[in-house]
Amino acid sequence: MSDMTPHELSTFDFHAREPFWQKRWDEAKSFEAPDVPPADRPKYYVLEMFPYPSGQLHVGHVRNYTLGDVVARYKRAQGYAVLHPMGWDAFGLPAENAARERGVHPGTWTMQNIATMRETLQRLGFSLDWKREIATCQPEYYGQQQKLFLDMLKGGLVERRDAAVNWDPVDQTVLANEQVVDGRGWRSGALIEKKTLSQWFLKITDFAEPLLETLKKLDRWPERVKTMQERWIGRSEGAKVRFPLHHPPEGYESEGDACEVFTTRPDTLFGLSFIGIAADHPLAQKIAQENSDAAAFVEECRRVGTSEEALSTTEKRGFDTGLRVTNPFNPEQTAPVWIANFVLTEYGTGAVFGCPCGDQRDLDFARKYDLAVPSVLLPTGEDEASFTLGEKAVTGPATLYHSGFLTGKSTKDAIRAAIEHLEKIGAGQGVTNWRLRDWGVSRQRYWGCPIPIIYCDSCGAQPVPDDQLPVTLPEDVSFERPGNPLDHHPTWKHVACPSCGKPAQRETDTCDTFVDSSWYFARYTSPHAKTPTVADAVNGWLSVDQYIGGVEHAILHLLYARFFTRAMKQTGHLDVDEPFSGLFTQGMVTHESYRDGDQWLYPEEVEQRGDVVVSKKTGRDVTVGRSEKMSKSKRNTVSPVDIISHYGADTARWFVLSDSPPERDMEWTAAGVAAAARFMQKLYRQVSDVAQRDAREATHGEAGADLRHITHRTIVAVTEALENFTPNVAVARLHELSSALGEAEKKGGEGIAAARREAAHVVTLLIAPMMPHLAEELMALLEPDGALVVERAWPEAQEALLAVHKVTIAVQVRGKLRGTIICAPDAPKEDVLAQAKADENVAKALEGKRIVKEIHVPNRIVNFVVAG
RNA sequence: GCGCGCUUGGCGGAAUGGUAGACGCACGAGACUUAAAAUCUCGGGUCCGUAAGGACGUGCGGGUUCAAGUCCCGCAGUGCGCACCA
């Protein structure tokens, strides 16, 4: 070395060194997992939700995969055999949109995006086993999915039935909910309508009970996700009640001469005001055939769309069918049957009975159409003589009145009595109803997994035989014409019936892409096998010990995956019940937005000048919007590739971990990234300084005691922070250790060099999960011929060095802080109290007061409760 | 509309029911420098006070407790999900 000072030497050249270390890891096969978990150590399966290859990696991905990588590297250091794979959720609508808009084939577009995004992931230095990479759009993957579908069909878990879709009459195509804007098709602008198609369903409701019950055992899932799933599955106890129809329309036989409803409140039957039926209810359909006004109303309901949100936000409206039913509890009473736009076809029986006094929606509806409002619920504490029902339904605790044999009973008792009575008189029975509906998987689209079915006029729907799998997508398709390219492909769908050999047609629908993502975690355990799974591998690696992804998937994806796992178990493809034993849901990455007039500007197009932000181009002040979810339309995005190029992968990784707790949204700021970069270089300077100046052979001495205490305390703190998923706290503690390392240099003295070397060594190991490249670089400085950090164990704190010699105890008088005292750890209560009272300021506060109570929490706090 | 979260200095945030504001950003002061950058050190919730110290303070209103950011009830704001976006 020359006579240059260490400071001048010390810059971490991430441009050169990050790829260097990535190559070393690659050569050492550091991240390749064995086919089957080894017997000599515990396994740990870390998985982040795989990305949709939309084009570029975005910073939300960087956050997600960095979190996962921290877990993977930390667990590996702790001696686990880690499986940490990556792949692509590669089917989906955007590829078809790109095809329609730009004429590029969905497959080409997807594979190009994958290549781009894979490169970015690799530049970030994630500890992924790339040998296991999968893309769901490849026959190697979706062919096995077809096998699973057929096995489920054989096992009775798949059914064909009718379901409604959003239909665009101009484009002649089915639209996704997101393609319906204010009831109109996003491209054509045409009013969309509900259309019924015959579709394939997976019978997730068969598992409603276990899916609900097992939630209780998922103790490493966030409570809120479990609550959401619980609500979604929606078990509710109630009754089916048959209301006899007075004059059923001719030819209406599907339910005999009665209208059946599901209710959770059979206790309020005496409060019957009306029957509400969905527009798709058979009775409504029947009426519509005969009555043009009814038909017009049904038609209108169809325009509302298929989402629950649309149904419940639309103004409540109804149509009186003129039919009447009899109240089974009170044959004297009849009520009208209305078609109502807020009744869900697919929940319960598609019909409700309206009891305005106990349900706000029913009350609003009854008032609007001037229907009877019998009052049968007396709120607890109200008097029958004085209580009148206003515009608020009774939803709190209440007693039944004006209710025949139920009068005087509490809601709970009345429900039980009502069900008993219904069953006795044969007008209904108690049932358990679920909000969860079966999973419709048919999509009328090209870019998805073909459903392996052949329709034959003679033999019906036939499964594609195993030896004809996979059913692959044709390459030569046209997106010029509206509709599904598979359907209008000249030859693809025409095949021989596998059963009779006569001409038949393929199913042209493809699978919901949620199916693809419902088993990819299992496929990673044997990504290239000729069967969907391999028993030893899948049962050895599953379940996923830590799954990490966005909370936006809290319900659908996670529930489908849980169901699919059970369905795969039932069909013999694996032997676990739950796919993910640990779940972590991370927040979004947000950024300020900038607007110059009506023009949105990218963050790199503006700069801060004093208190204002101006456009670099025009020099004008720009409007700074609050930090919100990054979106292309507001241009408040940041490119991970740019960040890596400017600051390096480790800086990007460190920044996304450093400030916000990962379950919360984090704000991306240029200043924050710069701070991360500074800290990275500071550590590099500090450690290279230690490597060059501090003698390796120095023995520990008195002067180093403080630093050693901090070093070992930091091991405990960082370990705890990583266990708790609070890397932001780990970062804070590492900042402190770094400061202590710097201070120790100035202090000097016997044993400082050894303590500094120890601290440098420890800091290197502790940052490794977060800044893996820098860690390798630092270790190479400290031990030029040593092992790679990825092959080293996590540091362990020495108990003796953690001991504290004094504690600071807060002293309160009547809960207010009046001073602090320094005591020996675990000092006796009497001594602590005496010392507390001796404190000048405390004594002043106690003056003239009588001590009523003395609270002493060892090593923490003293509180004198005083009177007077 | 229904469901589920979140809310702490100028900003991001820390805090087993026990000293609120760790750590970082931004800001200010100082050191180094011819100068700047970089780096290092120090300061800071608000108000009153020269200071010692005091009052107030974790979205708002109540409650439980010796003690509440933390637990309970109500409200507001904001975000996410709602079954064909992924």
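Residues take numbers from 1 onward in each chain, read along the sequence in its written order. In the order they appear in the text, chains get letters beginning with A and ligands get numbers beginning with 1. Where local features are concerned, this predicted model is filtered to residues with pLDDT of at least 70; where side-chain atom pairs are given and counted, the filter is 80 or more; whole-chain, interface and lining totals use all residues. Remark: hydrogens and water are excluded; side-chain values derive from all non-hydrogen atoms of the structure.

1. Side note on the overall build of chain A
Summing up its helical and strand segments, chain A has 28 helices and 37 strands in all. Seen through its C-alpha atoms, chain A measures out along the principal axes to roughly 105 × 85 × 65 Å. Going through the 868 residues of chain A one by one, you find that 53% of them count as buried. When the accessible surface of chain A is summed, it comes to about 39,100 Å², and 49% of that surface belongs to carbon and sulfur atoms. For the purpose of counting charges, residues Lys and Arg are taken to be positive, whereas Asp and Glu are taken to be negative. His and the chain ends are not included. Think of each charge as sitting on NZ of Lys, CZ of Arg, CG of Asp or CD of Glu. Taking the average place of the 98 positive charges on the side chains of chain A and the average place of its 120 negative ones, the gap between the two points comes to 2 Å. By the criteria applied, helices consist of DSSP H or I runs no shorter than four residues and strands consist of E runs no shorter than two, each listed in order from the N terminus. Accessibility here uses a 1.4 Å probe with only protein chains present; expressed as a share of the type maximum, an area under 20% marks a residue as buried, one over 50% as exposed, and anything in between as partly exposed. Using a 1.4 Å probe, accessible areas were evaluated by the Shrake-Rupley method; residue-level cover was limited to the displayed protein chains.

2. Some points on the protein's contact with RNA strand B
Lining the immediate environment of RNA strand B, one finds 69 residues, of which Asp-89, Asn-177, Ser-312, Arg-445 and Arg-626 sit closest. Consider each residue's heavy atoms; a residue with any of them within 4 Å of a molecule or strand counts as near. The sugar-phosphate portion of RNA strand B accounts for 62% of its atoms within 4 Å of the protein, the bases making up the rest. Within the side chain of Arg-443, a nitrogen or oxygen atom sits 2.7 Å from a phosphate oxygen of RNA strand B. Contacts to RNA strand B include Glu-736, whose side-chain N or O atom sits 2.9 Å from a sugar or linking oxygen. Among the elements that make up the surface near RNA strand B, the one with the highest residue count is helix 23 (residues 727–747) (7 residues). N or O atoms within 3.5 Å of each other form a polar contact, as long as, within protein, one can give a hydrogen and the other can take it, and as long as residues adjacent in sequence are counted only when both atoms are side-chain atoms.

3. Focus: the pattern of salt bridges
For this document, the term salt bridge refers to a Lys or Arg side-chain nitrogen within 4 Å of an Asp or Glu carboxyl oxygen. One pass over the full model with this rule turns up 41 salt bridges. Between Arg-361 and Asp-359 there is a salt bridge, with its nearest N and O atoms 3.8 Å apart. Since its relative accessible area comes to 43%, Arg-361 is described here as partly exposed. Assessed through its relative accessible area of 23%, Asp-359 is described here as partly exposed. Here Glu-578 makes a salt bridge to Arg-566, at a shortest N to O gap of 2.7 Å. A residue pair is termed long-range when its members are at least 10 positions apart, and Glu-578 in the loop between helix 18 (556–570) and strand 27 (583–586) and Arg-566 in helix 18 qualify at 12 residues. Taking relative accessible area as the criterion, Glu-578 reaches 11% and is therefore assigned buried. A single network of salt bridges, built from pairs that share partners, joins Lys-147, Asp-151, Lys-154 and Asp-466.

4. Observations concerning a positive patch on the surface
Patch members must show over 30% relative accessible area and no salt bridge, and they are joined within 9 Å when carrying like charges or within 5 Å when they are nonpolar side chains of Val, Leu, Ile, Met, Phe, Trp or Tyr. On the surface, Arg-814, Lys-816, Arg-818, Lys-844 and Lys-849 cluster together into a positively charged patch. Note that Arg-814 resides in the loop between strand 34 (807–813) and strand 35 (816–823).

5. Points about the sheet that holds strand 9 (residues 193–202)
Pairing is antiparallel in the open sheet, where 4 strands are placed in the order 6-5-9-19. Every other strand in the sheet has two partners, leaving strand 6 (173–175) and strand 19 (439–440) as the edge strands with one partner each. As defined by bridge partners, strand 9 adjoins strand 19 across 2 bridges and the pair is classed as antiparallel. In the strand pairing of strand 19, Leu-202 is matched with Trp-439. Strand pairing is assigned whenever DSSP identifies at least 2 bridges connecting the two strands.

6. Points about the environment of Glu-475
Here Glu-475 lies in the loop between strand 22 (460–463) and helix 14 (485–488). The spacing of Glu-475 and Gly-751 is 276 residues in sequence and 71 Å in space, taken between C-alpha atoms. Excluding anything up to four places from it in sequence, Glu-475 contacts His-105 and Tyr-446. Residue contacts are counted whenever heavy atoms from the two residues lie within 4.5 Å of one another.

7. Here's the deal with the nonpolar core
Formed by 162 residues in total, the largest nonpolar core has its most connected members in Tyr-520, Phe-521, Phe-564 and Trp-668. Apart from residues lying up to four places away in sequence, Phe-521 is in contact with Tyr-45, Leu-47, Leu-542, Val-544, Ala-561, Thr-565, Pro-579 and Phe-580. Counting 49 residues, the second-largest nonpolar core is a separate cluster that includes Ala-351, Cys-357, Ala-414 and Ala-418. Among the buried residues, those of types Ala, Val, Leu, Ile, Met, Phe, Trp, Tyr and Cys that are joined through side-chain atoms within 4.5 Å form a nonpolar core.

8. What to know about unusual backbone geometry
A cis amide bond, omega -5 degrees, links Leu-469 with the succeeding residue Pro-470. As for its placement among the helices and strands, Pro-470 is situated in the loop between strand 22 and helix 14. Here Leu-542 and Ser-543 are connected by a cis peptide whose omega angle stands at 5 degrees. Mapped onto the elements of the fold, Ser-543 is located in the loop between helix 17 (535–541) and strand 26 (546–550). In this structure, His-402 takes a positive phi of about 50 degrees despite not being glycine. Residue placement: His-402 occurs in the loop between strand 17 (398–400) and helix 13 (411–424).

9. A look at the environment of Thr-264
If you trace the backbone, Thr-264 turns up in the loop between strand 11 (254–263) and strand 12 (274–277). On the basis of relative accessible area, Thr-264 is assigned to the partly exposed category, the value being 34%. Sequence separation between Thr-264 and Thr-432 is 168 residues, and the spatial gap between their C-alpha atoms is 9.3 Å. Ignoring sequence-local partners within four residues, the contact set of Thr-264 consists of Ser-236, Glu-237, Gly-238 and Ile-415.

10. Points about helix 19 (residues 640–647)
Buried within helix 19 we find Pro-640, Ile-643 and Ile-644. Projected down its long axis, helix 19 shows its buried positions confined to an angular sector of 100 degrees, all on one face. Contacts made by the buried residues of helix 19 are with helix 2 (14–27), helix 3 (59–77), helix 5 (106–123), helix 20 (649–658) and helix 21 (670–693). Looking one or two places after helix 19, you find Gly-648, whose phi comes out positive at around 95 degrees. Throughout, the arc means that of the directions going from the helix axis to the C-beta atoms.

11. Observations concerning the environment of Met-680
Topologically, Met-680 is positioned in helix 21. Accessibility expressed as a relative area gives 1% for Met-680, which makes it buried. Each C-alpha atom of the pair Met-680 and Leu-774 lies 7.6 Å from the other, and the pair is 94 residues apart in sequence. In contact with Met-680, other than residues within four places in its own chain, are Phe-12, Phe-14, Tyr-647, Asp-650, Thr-651, Met-771 and Leu-774.

12. Things to note about the UniProt feature "binding site: ATP" (unreviewed entry) in chain A
UniProt positions are given in the numbering used here, feature names are shortened, and annotations may be inferred rather than shown by experiment. According to UniProt, the "binding site: ATP" (unreviewed entry) feature falls on Lys-632. Judged by its relative accessible area of 71%, Lys-632 is exposed.

13. Observations regarding helix 3
Since one α-helical turn is 3.6 residues long, residues separated by three or four positions face the same way. What a helix should span is 1.5 Å times the count of its residues minus one. Taking 1.5 Å as the rise per residue, helix 3 with 19 residues should run 27 Å; its terminal C-alpha atoms sit 26 Å apart, in good agreement. Counting buried residues in helix 3 gives 19 out of 19 residues, a clear majority hidden from the surface.

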